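Tertiary structure, described
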Amino acid sequence: MPKGQIRKALSGFYYVQDGEQLIQCRGRGVFRNKGITPLVGDYVEYEVEGNNDGTITAILERKNELVRPPVANIDQAILVFSTKKPAFNPILLDRFLVVLESFQVHPIICLTKTDLLSEKELQEIEKYKANYEAIGYRIIETYKDDPNLLTKMIPLLQSKLTVLAGQSGVGKSTLLNTLMPELELKTGIISEALGRGKHTTRHVELIEIAGGLIADTPGFSSFDFDRIEKEELTQCFPELFVLSESCKFRGCLHLKEPKCAVKKAVEEKKVEQYRYDHYLQFLQEIIDRKPRY
Ligand code: ZN
């Protein structure tokens, strides 16, 4: 059975890349019956029917999958965040980080517009940068017409499936267009298809750039914690998770429990207060969430 990867989903068809060939496939009826939807990024087996048509017969095991956008087997997400206009928004960044951690997608933080910062603002950003790097996140910085953008980005993208995400108006399209100028037209079409236009809502496509694949996802700008249970939230804060192993009680939520290693570390300023505050805020959101039935 030939194998390939779904690169595009559109109007009930899946476009499977197998070497140089792109085969237009339908999903097999049995997937629908079982409630399984093939996703862009899936490695699949397919059956050839006619010239360039086929049917997907099996979906190989997924490494991970996102819901919005619906993409599977993601190696990393580049979170594009502005440092000015709009100002750097750490709580929004932490929200993205938490959701990505919960899906086991590796985040890379890309700070934009750093050329617009004053000396004082730059110092502030440097503090955040040092903190996120200490947690283990990789950070890259860029700005409009950055001559080194390609040098910074290409090694990150090679052989990886990357999801680009971030606030709107932070230079995400500029970034993408710089990476591949001829893409300018194409991303316009994708953005339109992904909700700014009215007709197609489920168009997801992987684009080959710099020896890797990128999913451009305008729909990825806001989401909540609807898949995270309160006991799992600590795992989405890597620096708190490491500490939580020393909490006295298993299942400690680091609220009022005695001998909590996380609270102790916050008091001793070994972890950043704002990260703990965000943890508490997200925990409250999860607790307040309406039960799912
Ligand atoms: Zn604790």
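The structure this text deals with has already been given above.
Residues numbered from 1 in each chain as written. Predicted model: local features only at pLDDT ≥ 70, side-chain atom pairs only at ≥ 80, totals over all residues. Heavy atoms only, no water.

Brief notes about the overall build of the chain
- Tallying secondary structure elements over the chain gives 9 helices and 13 strands in all.
- Residues classed as buried in the chain amount to 47% of the 293 residues present.
- In the chain, once contacts between residues fewer than 6 apart in sequence are set aside, the share between residues at least 24 apart is 66%.
- Counting every atom, the chain has about 15,700 Å² of accessible surface; 50% of that belongs to carbon and sulfur. (Helix = DSSP H or I, 4+ residues; strand = E, 2+ residues; numbered from the N terminus. Buried < 20%, exposed > 50% of the residue type's maximum accessible area, 1.4 Å probe, protein only. Contact = heavy atoms within 4.5 Å. Areas by Shrake-Rupley, 256 points an atom, 1.4 Å probe, with all protein chains shown as cover.)

Describing the side chain of H278
- By the element assignment, H278 lies in helix α9 (residues 273-288).
- Assessed through its relative accessible area of 9%, H278 is described here as buried.
- The contacts of H278, once residues within four sequence positions are left out, are P90, I91, D94 and F237.

Overview of the coordination of the zinc ion
- Taken together, C247 (SG), C252 (SG), H254 (ND1) and C260 (SG) make up the full set of protein donors to the zinc ion, lying 2.1 to 2.4 Å away.
- For the zinc ion, the 4 donor atoms in the first shell make angles of 106 to 115 degrees at the metal, a pattern classed as tetrahedral.
- Between consecutive donor residues of the zinc ion, the sequence gaps follow C-x4-C-x1-H-x5-C. Here the two residues C247 and H254 agree in accessibility, since each one is buried. (Donors = N, O, S within 2.8 Å, 3.2 Å for Na, K, Ca; no water. Tetrahedral: all angles 85-135°; square planar, octahedral: opposite > 155°, others 65-115°.)

What to know about the packing of helix α2 (residues 90-102) against α9
- Two numbers describe how α2 lies on α9: the axes approach to 10 Å, and their chain directions differ by 65 degrees. For the element pair α2 and α9, the recorded crossing hand is right-handed. Contacts between α2 and α9 involve P90, I91, D94, R95, L97 and V98 on the former and, on the latter, Y274, R275, H278, Q281, F282 and E285.
- Taken together, the residues that form the contact of α2 with α9 break down as 6 nonpolar, 2 polar and 4 charged. (Axes fitted to C-alpha atoms, helices over the stretch in contact; angles between N-to-C directions. Left-handed = near helix turned anticlockwise from the far one by under 90°. Nonpolar A, V, L, I, M, F, W, Y, C, P; charged D, E, K, R; others polar.)

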